[in-house]
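Listed below are the residues making up each chain.
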Amino acid sequence: MSVIYMDNNATTAVAPEVKDAMLPYLTEFYGNPSSMHSFGGQVAKNLYDARCRVAELIGADPSEVIFTSCGTESDNTAIRAAIASNPDKKHIITTRVEHPAVKNLCEHLQKRHYRVTWVPVDRKGNLDCDYLYDHLTDDTAIVSVMWANNETGVIFPIHEIAKRVRERGIVFHTDAVQAVGKVDVNVNDAGVDMLSMSGHKIHAPKGVGVLYVRKGTKFSPFMIGGHQEHGRRGGTENVASIVGLGKAAELARSHLENGMERVKKLRDRLEQGLLNRIPNTLLNGDRERRLPNTLNLSFEFVEGEAILLMMDRFSICASSGSACTSGSLEPSHVMRAMGVPFTAAHGSIRFSLSVYNTEEEVDFVIEKLPPIIEKLRSMSPFWKQGSCHAQ
Ligand code: PLP
């Protein structure tokens, strides 16, 4: 049975065109782009082409694109660069629903004399922007707010937030790892100072990312080494993956309109199909302000992990909103920040689609999932209690 892959916010398949573009750089074109000879020089030219493709995707100038190893490195670099460039400022603002790449770094900094303001979200996952604005101070070194949430797909009003933050002369960074390639992301329209993206979320391979840094933004490198990336990120470039990312950026641009419209229709079909067939199912996240590919549902009174295991028997791949920490299944920090009730938070499942999904696959999931939930509920003492309450 072939895999029904609906976990594209976790990672994506490498597009065939991307693989083809990469292969020569894993075989004959192995030169170092920093070498003086023309064999290396040719590779440098291809790196530059990839830089231009990425820049086009996000509306940047190629000189503002720094290649990194992943979204996590980009996030870490951005936040560390901002605090290193503003050594007197000891305050950071971020949200309660960031990816661990930002969340755990800020928690780490909190233990090292930084004050962190965690901006809350409401029940639909929308950000309390006024709370953010009320907490901007002259001591704030950076504000980092994700463009779209990886678990719910909820999109934050980045344009407005960037404007308000930069009016105060404060650096604004956005983690756009989930947004790029799914919605229009333009660094100038949005007015951000720094933006992170990741190759493996847009059909490029794992191990390559990008940090966009607006010209004129104070910056200090995280990776100190050679003069690569104009001294902003030392280390010999991951040439094949960067070339692949260039191709993926080109493909993403071409998919933005029609491809994503089709993905949205598939997502909506899946959502309606499951909501119609499975009672006590809740949508997590704002229905209107969401990425077109993401669907997060809570099936009350069942464990997300159990659902995943039973779907796995049909080779259906999705994710749950729980994290297995020290033996206990805790609902994710995102579900907790949204105040999703305990009985629902444990049964949250994220489906994240891509341009490679089909209507047949969606219908297959709509057919297989209802009996799975029914079976799990029939074994759950909470469901029996819950259905008694409901009566
Ligand atoms: N930021 C967000 C919103 C993500 O969803 C992820 C990955 O899931 C990351 C950052 C980390 O990216 P990477 O896996 O490339 O380090």
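These notes cover the structure that comes with them. Residues take numbers from 1 onward in each chain, read along the sequence in its written order. A pLDDT threshold of at least 70 governs which residues receive local features in this predicted model, and a stricter bar of 80 or more applies before side-chain atom pairs are shown or counted, although totals over entire chains, interfaces and linings include all residues. The side-chain quantities take in all heavy atoms of the structure and omit both hydrogens and water.

**Considering empty space enclosed by the protein**
A probe matching the size of a water molecule, rolled over the atoms, marks out where space remains unfilled.
So, step 1. Only protein atoms enter the 1 Å grid used here. Points where a 1.4 Å probe fits but cannot escape make up a cavity, open sets with protein on both sides within 12 Å along at least five of seven lines make up a pocket, and a residue lines them when an atom lies within 4 Å of a point. Grid points are joined across faces, edges and corners, and a volume is the space filled by probe spheres set on the points. Applying the stated criterion to the full structure yields two cavities of 30 Å³ or more.
So, step 2. Computed from the structure, the largest cavity encloses a volume of approximately 180 Å³.
So, step 3. G181, K201, I202, H203 and M260 are the residues nearest the centre of the largest cavity, which is lined by 19 residues in total.
So, step 4. Under the DSSP-based scheme used, a helix requires at least four consecutive residues in state H or I and a strand at least two consecutive residues in state E, with every element numbered from the N terminus. In terms of residue count, helix α8 (residues 239-255) provides more of the lining of the largest cavity than any other element does, four residues in total.
So, step 5. Grouping the constituent residues of the lining of the largest cavity by class yields 10 nonpolar, seven polar and two charged.
So, step 6. In this structure, the second largest cavity encloses a volume near 30 Å³.
So, step 7. Lining the second largest cavity, in full, are V97, V121, G125, N149, T152, V154, F156, V334 and M338.
So, step 8. Classification used: nonpolar for Ala, Val, Leu, Ile, Met, Phe, Trp, Tyr, Cys and Pro, charged for Asp, Glu, Lys and Arg, polar for all others including Gly. Split into classes, the residues belonging to the lining of the second largest cavity amount to six nonpolar, three polar and no charged.

**Some words on the sheet that holds strand β5 (residues 140-144)**
So, step 1. By definition, two strands form a pair when at least two bridges between them are found by DSSP. Strand order in the open sheet formed by seven strands is β2-β8-β7-β6-β5-β3-β4, with mixed pairing between adjacent strands. For this open sheet the edge positions go to β2 (65-68) and β4 (115-119), each flanked by a neighbour on one side alone. Going across the sheet, the axis of each strand differs from the next one's by a mean of 20°, ignoring polarity.
So, step 2. For strand β7 (residues 194-198) and strand β8 (residues 209-213), the ladder comprises five bridges, and the chain directions are antiparallel. Looking at β8, one finds that S198 is bridged to G209.
So, step 3. The criterion used for residue contact is that any of the two residues' heavy atoms lie within 4.5 Å. Note on geometry: axes are C-alpha line fits, over the in-contact stretch for helices, and angles between N-to-C directions span 0 to 180 degrees. The strands touched by helix α2 (residues 38-58) are β2, β7 and β8; relative to β2, the strand with the most contacts, the crossing angle is about 115°.

**Regarding the site of the ligand**
So, step 1. The nearness test applies per residue and asks whether one of its heavy atoms lies within 4 Å of the molecule or strand. As a structural note, the neighbourhood of the ligand is formed by 13 residues, with T72, D175, Q178, S198 and K201 the closest of them.
So, step 2. Here an oxygen atom of the ligand and a backbone polar atom of G71 are 2.8 Å apart.
So, step 3. Contact distances for the ligand include 2.6 Å between a nitrogen atom and a side-chain N or O atom of D175.
So, step 4. For the shell around the ligand, a count of residues per class yields three nonpolar, seven polar and three charged. In protein, a polar contact means a hydrogen-donor-capable atom and an acceptor-capable atom, both N or O and within 3.5 Å, with residues adjacent in sequence counting only if both atoms are side-chain atoms; elsewhere, any N or O pair within 3.5 Å suffices.

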